Amino acid sequence: MNNVDTYTRTYVHTYTRTHVDTYTGHKQPVSHLLSRILILFAFLLMSCSRAASSSTPDPSTHLTPSALSNLTPDTVTPDTSTPTNTPPPPSTRPRYTLDLQLNYANKSASVNETILYTNQSADMLTSLTLGVEPTCTQSFNLSGIFLDGQPVSNYIFDVQNVQPYIRHRLEIPLAQPLAPGNKLTLQIGFTLILPVVANYSDETSLCSQIIGYTDKQINLVDWYPFVAPYINGKFVLHNPWYYGEHLTYESADFEVNVKIEDGANVVIASSGEEIVSDDPASRTFKLEAGRTFALSFSDSFQVASTQVGDVTIFSYYFPGYETSAQAVLAATAKSFEVYSQRFGAYPHKTLTVAQGDFEDGMEYSAFYFHSRGIYNNYDGTLVNHLTAVSVHETAHQWWFEQVANDQGLEPWLDESLATYSEIVYYETVQPAALDSWWWTYRFTPFEQAKPVDTSIYDWHGGYTAYQNLVYLNGADFLRQLRARTGDELFFAFMQDYLAQMRGKISTTPDFFRILREHTSVDLSDLIALYFQNSY
């Protein structure tokens, strides 16, 4: 998701976590990964690999069931905002409760995590596979695991990240197979010794460039172990690549309780809605049916907000950027209105935008980061990078958050739709800008390429070629599809696609199956032009 800034003509990383050479367009070598060897070992307790100050959490602290008892999730309470004769059944989505103690000064954290997991598949599960992304930066230190109150010691975890094919994989065998519909409670204690935000300082790194700290903020993204989605008989957990995203998320419910243990006066930007906490020293955030939970902390954040219906949209920013932050807020709010009308309702009560102290932008559930470089280059109009990226990232709250996809193997299903949503925004809000600026800014430079239905691992022509393929050619396919079917049918299909796949993980066959429920028009030539497979 890189893009060339239209004013400086330099790369600002607005659409991806990873870096590609901006002049040659070639991916960086991966030989450093191939030289690693496999280490598989089972253990219960782990010690921190780096020295810490006396106020840094001790990662070797032993966890007992009694120490973790406060993490047992509460019974799911039905939403009573709309009275019904019969309360809805409790959700079978995974439920994450995360008690986070953050030391802002020391850039470290201690976390107790509880996962209430229901087997929603038709298979007997004999193990669980979790993704642990912070292993990539050597930030994660495991203290202990309990399964239904019993300690677990036979898990497999490559904590040193020496084997590229299981680099962030935590596999937990189950003492008893988990039958369809049955539940278990998994409790995990861990600490985070946060890295400096990489901000693309190492062009060969495959790690997240966002998690960690700068002198202005701490960012927690993909910071906790999560159960990989179980699809077609296996847990789906891919390795990262130099461009694009690689993780697939199941819809889940979150409760995050935050304590700032060193007393720092920080503002918290969060994926979830803040609710009243029983503990005056703690702040609690909740998110239902989200994909992932992101947080950003800063002792200098300022915030602006606006209301769209019953949804509050926040714009967190650093001092000196009020004009740009207000523009981000306006573009986010307006595109929010457009997408709600064109595609369908937004499911959460808040949407947060946080200025990142790095040159990247990235979507998360009910949250996205915006690059500081884009704030610097805002020119006060709608025909600029800040507006285009704002409406793109807002669109991901529909195409990523509500309708998820395998981002590693089928990235077009969120990126093409988010890019095409930019067109929907501009044609609604400022049609003249669409004709005079957006097509030139976005589409004129791109080269025809196929297939659109490619994985992030299949394409080796560098990021620009990847963006042309997945973002722009994918959006061009949607443009041609709309022209072929007409506006009324096209948007009826988009609304139905959202309705049928909301809360699920969509595939390309799902997309075309639902499309054919709306039209009998022969699309074989169009599909053949853009896709490698028949649908």
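The structure displayed is predicted, hence computed values, not measured ones. (Residues numbered from 1 in each chain as written. Predicted model: local features only at pLDDT ≥ 70, side-chain atom pairs only at ≥ 80, totals over all residues. Heavy atoms only, no water.)

Helices and strands together make up the secondary structure of the protein chain, namely 11 helices and 27 strands. Across the 535 residues in the protein chain, those meeting the buried criterion constitute 59%. Contacts in the protein chain between residues at least 24 apart in sequence constitute 73% of all its contacts with a sequence separation of at least 6. (Helix = DSSP H or I, 4+ residues; strand = E, 2+ residues; numbered from the N terminus. Buried < 20%, exposed > 50% of the residue type's maximum accessible area, 1.4 Å probe, protein only. Contact = heavy atoms within 4.5 Å.)

With that out of the way, let us pick up the sheet that holds strand β10 (residues 183–193). Taken in spatial order, the 8 strands make up an open sheet running β7-β6-β10-β4-β3-β16-β19-β18, and their pairing is mixed. With partners counted over all chains shown, the strands left at the sheet margins are β7 (150–151) and β18 (273–275), one partner each. Of the pairings in the sheet, the one linking strand β6 (residues 140–147) to β10 comprises 7 bridges and is antiparallel in character. Looking at β10, one finds that Gly-144 is bridged to Gly-189. (Pairing = 2+ DSSP bridges.)

For the rest of this paragraph, the subject is the confidence of the model for the protein chain. Summing up the model confidence of the protein chain, the mean pLDDT is 83 and the portion of residues at 70 or higher is 80%. Taken as a whole, residues 1–85 scores under 50 in pLDDT and shows 238 contacts with residues more than four places along the chain or in a different chain. (pLDDT = per-residue confidence, 0-100.)

Now for helix α10 (residues 508–516). Every buried residue of α10 is accounted for by Thr-508, Asp-510, Phe-511, Phe-512, Ile-514 and Leu-515. Packing partners of the buried residues in α10 comprise α6 (412–429), α8 (463–485), α9 (487–501), β27 (505–506) and α11 (524–530).

Bringing the environment of Gln-407 into the picture now. Within the fold, Gln-407 resides in the loop between β26 (404–405) and α6. Classification of Gln-407 as buried rests on a relative accessible area of 4%. Placed 160 residues apart in sequence, Gln-407 and Leu-247 show a C-alpha to C-alpha distance of 6.0 Å. For Gln-407, the residues in contact, after removing those within four places along its chain, are Glu-245, His-246, Leu-247, Thr-248, Tyr-249, Glu-363, Phe-400, Asp-414 and Ile-456. Of note is the side chain of Gln-407, whose polar atom sits 2.8 Å from the backbone oxygen of Leu-247. (Polar contact = N/O pair within 3.5 Å; in protein donor to acceptor, adjacent residues only side chain to side chain.)

Time to look at the nonpolar core. By size, the foremost hydrophobic cluster in this structure holds 146 residues, and its most contacted members are Leu-186, Trp-223, Phe-297, Trp-399, Phe-477, Tyr-497 and Phe-511. Here this core gets 10 residues from one element, more than from any other, and that element is α8. In this structure, Phe-297 is in contact with Leu-100, Leu-102, Tyr-104, Lys-216, Gln-217, Ile-218, Leu-220, Val-258, Ile-260, Val-266, Val-267 and Ile-268, ignoring residues within four places of it in sequence. (Core = buried A, V, L, I, M, F, W, Y, C linked by side-chain atoms within 4.5 Å.)

As a general feature of sheets, a regular strand has side chains that alternate between the two faces. Pairing of strand β5 (residues 125–131) with strand β9 (residues 169–178), which is carried by 6 bridges, proceeds in the antiparallel orientation. Bridge pairing links Ser-127 to Pro-173 in β9.

One pass over the structure, following the stated rule, counts 1 disulfide. Residue Cys-136 pairs covalently with Cys-207 via a disulfide, S to S 2.0 Å. With the S-S dihedral at roughly -85°, the linkage between Cys-136 and Cys-207 falls on the left-handed side. One end of the pair, Cys-136, is in the loop between β5 and β6; the other, Cys-207, is in the loop between β10 and β11 (212–213), and 71 residues separate them in sequence. With a relative accessible area of 13%, Cys-136 lands in the buried category. (Disulfide = S-S within 2.5 Å.)

Secondary-structure assignment places Asp-406 in the loop between β26 and α6. Among buried Asp, Glu, Lys and Arg side chains, Asp-406 stands out as unpaired, with Lys-234 the closest opposite charge at 7.5 Å. Of the polar contacts made by the side chain of Asp-406, one reaches the side chain of Thr-248; its length is 3.5 Å. Among the polar contacts made by the side chain of Asp-406, one reaches the main-chain amide nitrogen of Leu-409 at a distance of 3.0 Å. Setting aside residues no more than four positions away along its own chain, Asp-406 makes contact with Val-236, His-238, Thr-248, Pro-411, Ile-505 and Ser-506. (Lys, Arg positive; Asp, Glu negative; His and termini not counted. Salt bridge = Lys/Arg side-chain N within 4 Å of Asp/Glu carboxyl O.)

Moving on: the environment of Val-403. When you line up the elements, Val-403 lands in the loop between α5 (385–395) and β26. Separated by 101 residues in the primary sequence, Val-403 and Lys-504 have C-alpha atoms spaced 6.0 Å apart.

For the rest of this paragraph, the subject is the packing of α6 against α8. Where α6 meets α8, the closest approach of the two axes is 8 Å, and the angle between their N-to-C directions is 60°. Classified by the interaxial angle, the pair formed by α6 and α8 is oblique. Between α6 and α8 lies a crossing of right-handed hand. Across the interface between the two elements, Trp-412, Glu-415, Ser-416, Leu-417, Thr-419, Tyr-420 and Glu-427 of α6 pack against Val-470, Tyr-471, Leu-472, Gly-474, Ala-475, Phe-477, Leu-478, Arg-479 and Arg-482 of α8. Here the contact of α6 with α8 is built from residues that sort into 9 nonpolar, 3 polar and 4 charged. (Axes fitted to C-alpha atoms, helices over the stretch in contact; angles between N-to-C directions. Parallel < 35°, antiparallel > 145°, perpendicular 65-115°, else oblique. Left-handed = near helix turned anticlockwise from the far one by under 90°. Nonpolar A, V, L, I, M, F, W, Y, C, P; charged D, E, K, R; others polar.)

Our focus in this paragraph is the packing of aromatic side chains. Per the stated rule, a full pass over the model turns up 50 aromatic pairs. Ring centres 5.4 Å apart and planes at 85° place the aromatic pair Phe-512 and Phe-531 in the edge-to-face group. Of the two residues, Phe-512 sits in helix α10 while Phe-531 sits in the segment after α11, which places them 19 residues apart along the sequence. Relative accessible area serves as the criterion here: at 1%, Phe-512 is assigned to the buried category. The residue whose ring lies beneath Lys-216 is Phe-318, and the NZ or CZ to ring-centre distance is 5.2 Å. Taking the ring centre of Phe-491 as reference, the NZ or CZ of Arg-342 above it sits at 3.9 Å. (Phe/Tyr/Trp six-rings, centres within 6.5 Å; stacked < 30°, edge-to-face > 60°. Lys NZ or Arg CZ within 6 Å of the ring centre and 35° of its normal.)

Another aspect to go through is the pattern of salt bridges. Tallied over the entire structure, the rule returns 17 salt bridges. A salt bridge links Arg-372 to Asp-357; the nearest nitrogen and oxygen atoms lie 2.8 Å apart. Within this pair, whereas Arg-372 is found in helix α4 (residues 372–376), its partner Asp-357 is found in the loop between β23 (350–356) and β24 (362–364), the two being separated by 15 residues in sequence. Asp-357 sits in the buried class, given a relative accessible area of 9%. The shortest N-O distance in the salt bridge between Arg-442 and Glu-422 comes to 2.7 Å. Of the two residues, Arg-442 sits in helix α7 (residues 431–443) while Glu-422 sits in helix α6, which places them 20 residues apart along the sequence. One network of salt bridges, with partners in common, ties together Arg-95, Glu-255 and Lys-286.

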